[in-house]
Structure formats: structure tokens, C-alpha cells
Amino acid sequence: MKHLTGGKGGAVGQSVPRFSCQECLGALAVVEVSDRLPVSGMHASAVQGSVMGTSRMDNSYVVLSKKDRSEGLGIPPHPPSAASPHIEPNQPATPIESSYIMLPPPTASIYQTSSPEGDDAQLPPPSVNSSSFSPGNNSGFFSSVTVLKRAFDIATSQTQVEQPLCLECMRVLSDKMDFEIEDINCDIKAYEVYLQHLEHESYSILSEADFQNEKHKIEEEEKKLKADIEEAEKQYTEVSSEMKNLETKSKQFEELEERYWQEFNSFQFQLTSHQEERDATSAKIEDSQAHIEMLKRTNVLNDAFFISQYGAFGTINNLRLGHTHVVEWDEINAAWGQAALLLHTMAQYYTPKFQYRIKIHAVGSYTRITDINNKTHKLFGPANVLFSSQYDEAMTWFLTCLQEFAEFAVSLDKEKNVPPDKSLKLPYKIDGDKVGGYRVVLGDFNTRENSTKALKNMLCNLKWVLYWFIGTTSFAVPS
């Protein structure tokens, strides 16, 4: 037999059974075997592809003897393995002796099998001459193949190993069988050693009295063990009952614990909500307190009247106050209105404590001043060097009112025992129509530059008075 690779045409037809290795599933084909094979060797019938090449087959198959069959009954069939190597058809021929073991033809005759019709039939002798495989005798060839197939079935049922097998799979199976036989022989030797050991052991035969004593001891021990068993069963019953009670209590505790955690989570949620609300309220209170403190430190006059300078000009709320051709009279009148409103507000705050003899009428860009003789003067322009007497007098009376309020501030600090270094002190001295040595008037041969410098010094003194006012009072508009 060989791996089926498309052998000679006509040798195997479509109706010829196809044989394959039951281990590696490689296809096998029936070919002729040489007559020169020794009959005494009696080797196997199913051989791998090129093993039997183009030679004829004398004794093509046999069935194992009873002895070999009994040894093979314990060998389990091996699963197919696609990884088993295949021998290609072009490999050199191998003697049939290395493939399968064959038994003498008389041995095969002792087995019987059922015929296709269901009748018991004697298996014919396994010898097949070369003429049965010749192309001219197809009936003999097909009958030989059928008998070979039957032989494989019988070998499979007797050895518990699927037949046929290729050469390599048979070698693997043989190695495994050798290993199992060796393992079994080791077990047999071990059993024999223990058996010999038991045979050589000496046994002492008890007398009747000793036997009765031993029996009595064993019975007493049995009674004691039974009593222990009964006691253990009683304890087991009590423990089981106690276990049930504990399980009932455990369930009750679990229910209590579950209810506790539910209430705890609910309380924790409410607590977290209250804490968040408290924190939000505290944050609002802190913000409101900070805002209140800021408002307490804030004076509306400081925000409403911003006094600064711009070059040679003094400014109040970014309005320049100076008598040059650069500044228009509308800006000058608006600046005078802001300065007059600031001084009037501070003077009004301390009325009647402050003797407000000179009245300032702050009406925007058209401010007027009433002197101690109840004569009203216009503190707005336009005015020039020729027609500026009324405007000059209004500026002079404004300086007088500012000087009187500064003197009142100094006297107020003395009443409060304010140290002289922290008391109000004007940076520029006011003397009539002069501030810091410069006259504010336009006429009487005064220059516009000197008048501008005097007005700048006047705004600086007004800023110092404003700082003193903010530092000593929490300003509130009188009712």
C-alpha cells in the first residue's frame, strides 16, 4: 500500500475502495507486491505508498493471532494527526519487513466475520497471487481488495486500533505501546515485590481467650464511639438550632443596618445641604461686610472732585483752570463751578459751627459769590483786563472763604488735641488775592501766567482741605 498520488492508470478504478491512514488521514492505494517476499516472515499487509512500489503482493494481509489480539485489546485508538509525516511516492523503496508484522496464513483462518448477506463466512486465506492484481484479471483484483478491507475491519475490532495505518504512524503507535508495556512491567515488578514481602511476613495466631479479650476491647471501643457519635449528633442538633436562631438575628441586624444606612445617608445629604447653604450665606455676609468697610472708607467728595494738574494748569475733574489763551472760557467756568461746589459742600457740613459769612452759590458754570456786605459777584467769564473787576472780586472773595475754612479746620484739630505735625497746613499761603505769591486777578497789571499759577496753587490748597475733610469726617449729606 502507498499514499494515493495518482498511480498507474487502470490499476485502481473509481469503484475500488479508497484506503487512508486512520492516524494522519493520508490516502493509501493498493499496489502489487513481489513474489520474492519471504513467507516465513509474515509481515503486515497495509504498507505506506512507495514501500511496495511496483512489486507484487504474495501474502497481502492476515489477522492477528489470539495471543496478539489479547495483547492489543487494551490499546486505545489514536486520534488522527494531520502533522504525521507522509512518504512521497518518489522516495526509495523500503522492504516490507519494516512496515507491518504479518502472521502465517493458517492463523488468519481462525477468524470468521459476517458476509454482506448477514451469513457467517470463513475468512479466505490471505495469500493473493500476482495474477489477481494483473490488469487482465480485474475480478481477482477486486476480490482481493474486498478481502483486504474486511481484514482491516477485523483487525480494527480485535486490536481496538483503527486500521489501516501508514508506516510512520505505525512506528509512533509501536513506540507508545512499548512505553505502556514498560510502565505495566514496572507495576508488575512492584506488585511482585510487595507480594513477596507479604509472604515473608510472620503472623501470630491469637488464642481463643486472647481473641475474646480483643473482641471485648473492640466492642467496648465501638460502644464508646457510638456514645460519642450520639453526643456529637446531639451537639450538632443544638448547634443547628442555635445556628438558625443566629441566622434569624443576623437577618434582623441586616435589616436594621440597611435602615440605619438609609437614614444616615438621608441625614448626611441634609447636613451637606445645610452646610452648603451656611457657607453660601457666610460668603455673602463676608462680601457684604467687605463692601460696607469699603464704603465706610470711601468719601463721595473724593470720588466726585478729582483735583490734579496738567502741565501749567491745575485741573478739577479734568477741567483746566487758568487764564491763558489756550483754555476756553467754557472750560474755565465749568472748573470754577466744580471748585465752588466742593468748598460750599464742606462749609455747609460744618454749619452752624463754621461761621459761613461768605456765601457761595454753586450753579454750574454760572457760580456767584455773596460777600459779607451782601453784594453778589459773578465767578464766571468772559472777562478781560479792562472789564474784569467783578470777576476779580469774586475770585478774591473765594480765596477769603477758603482761607477762613482752613483756619476753622486748624482750630477744630486743636480742640481734638491733634498734634501740630498732623494738623492741617496749607502748602501755599493765602494773602488777599495772592496764593503762594501769585495774584489771581486778571486786571491791575497782572499777567495771565501769574494768574494761572495762582489758580493752580489755589486748587492745590483746596485738595489739602479736601483730604483733611475726608480724614476727619464720615461725610453724609445734611438733612
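Residues numbered from 1 in each chain as written. Predicted model: local features only at pLDDT ≥ 70, side-chain atom pairs only at ≥ 80, totals over all residues. Heavy atoms only, no water.

### Some details on the overall build of the chain
Selection criterion: Every helix listed is a DSSP run of H or I at least four residues long, and every strand listed is a run of E at least two residues long, numbered separately from the N terminus. Burial classes follow relative accessibility: with a 1.4 Å probe on protein chains only, a residue under 20% of its type's maximum area counts as buried, one over 50% as exposed, and anything between as partly exposed.
The helix and strand tally for the chain stands at nine helices and 14 strands. The buried share among the 479 residues of the chain stands at 33%.

### Focus on the side chain of Asn461
Rules: Here, two residues are considered to be in contact whenever any of their heavy atoms come within 4.5 Å of each other.
Topologically, Asn461 is positioned in helix α9 (residues 448-472). A residue is classified by how much of its surface remains accessible, and Asn461, at 0% relative accessible area, is buried. The contact partners of Asn461, leaving out residues within four places of it in the chain, are Leu402, Leu426, Pro427, Tyr428, Ile430 and Val435.

### Regarding the sheet that holds strand β12 (residues 430-431)
Note the following rule: In this scheme, strands are said to pair when DSSP sees at least two bridges between them.
With respect to topology, three strands assemble into an open sheet ordered β12-β13-β14, the strand pairing being antiparallel. For this open sheet the edge positions go to β12 and β14 (438-439), each flanked by a neighbour on one side alone. Both β12 and strand β13 (residues 434-435) contribute to a ladder of two bridges, which runs antiparallel. Within the sheet, the bridge partner assigned to Ile430 lies in β13 and is Val435.

### A closer look at the pattern of salt bridges
So the rule is basically this: By definition, a salt bridge exists where a carboxyl oxygen of Asp or Glu is found within 4 Å of a side-chain nitrogen of Lys or Arg.
Summed over the entire model, instances satisfying the criterion amount to seven salt bridges. Close ionic contact of Glu331 with Arg320 constitutes a salt bridge, the shortest N to O distance being 3.1 Å. Here Glu331 is found in helix α7 (residues 329-349), whereas its partner Arg320 is found in strand β8 (residues 319-321), with eleven residues between them in sequence. Taken individually, Glu331 and Arg320 each receive the classification buried, so the pair is uniform in this respect.

### Overview of helix α4 (residues 167-200)
Heads up, the rule is: Residue count minus one, scaled by 1.5 Å, sets the expected span of a helix.
Given a rise of 1.5 Å per residue, 34 residues ought to cover 50 Å, and the 49 Å separating the end C-alpha atoms of α4 matches this to within 8%. Along α4, the residues classified as buried are Leu167, Cys169 and Leu173.

### Things to note about the confidence of the model for the chain
To keep it simple, the criterion reads: As a per-residue measure, pLDDT reflects the predictor's confidence and takes values from 0 up to 100.
Of the residues in the chain, 70% reach a pLDDT of 70 or more, and the chain-wide mean stands at 75. pLDDT under 50 marks residues 1-14. Its contacts with residues more than four places away, or in other chains, come to 39 contacts. Contacts of residues 32-136 to residues separated by more than four positions or lying in other chains number 224 contacts, the stretch itself having pLDDT below 50.

### What about the sheet that holds strand β9 (residues 359-361)?
Defined as follows: Here, axes are lines fitted to C-alpha atoms. For helices the fit covers the stretch in contact, and angles between N-to-C directions go from 0 to 180 degrees.
Here three strands make up an open sheet; going across it, the order is β9-β10-β11 and the pairing antiparallel. This sheet does not close on itself; its edge strands, each paired only once, are β9 and β11 (376-378). On average, adjacent strands in this sheet sit at an angle of 20° to one another, irrespective of strand direction. Direction of pairing for β9 relative to strand β10 (residues 368-370): antiparallel, over a ladder of three bridges. Bridge pairing links Lys359 to Thr370 in β10.

### What to know about the nonpolar core
For the record, the criterion: Residues belong to a common nonpolar core when they are buried Ala, Val, Leu, Ile, Met, Phe, Trp, Tyr or Cys residues joined through side-chain atoms within 4.5 Å.
Within the largest apolar cluster, 51 residues are counted, with the highest numbers of intra-cluster contacts made by Trp336, Leu343, Met346, Phe398, Phe405, Met458 and Leu462. Elements with a contribution of two residues or more to this core: β7 (313-316), α7, α8 (389-415) and α9. Among the elements that line this core, the one with the most residues is α8, at twelve residues. When neighbours within four sequence positions are excluded, Leu462 is seen to be in contact with Ile307, Ala339, Leu342, Leu343, Met346 and Leu402. Membership of the second largest hydrophobic core comes to twelve residues, among which are Leu28, Phe152, Cys169 and Leu173.

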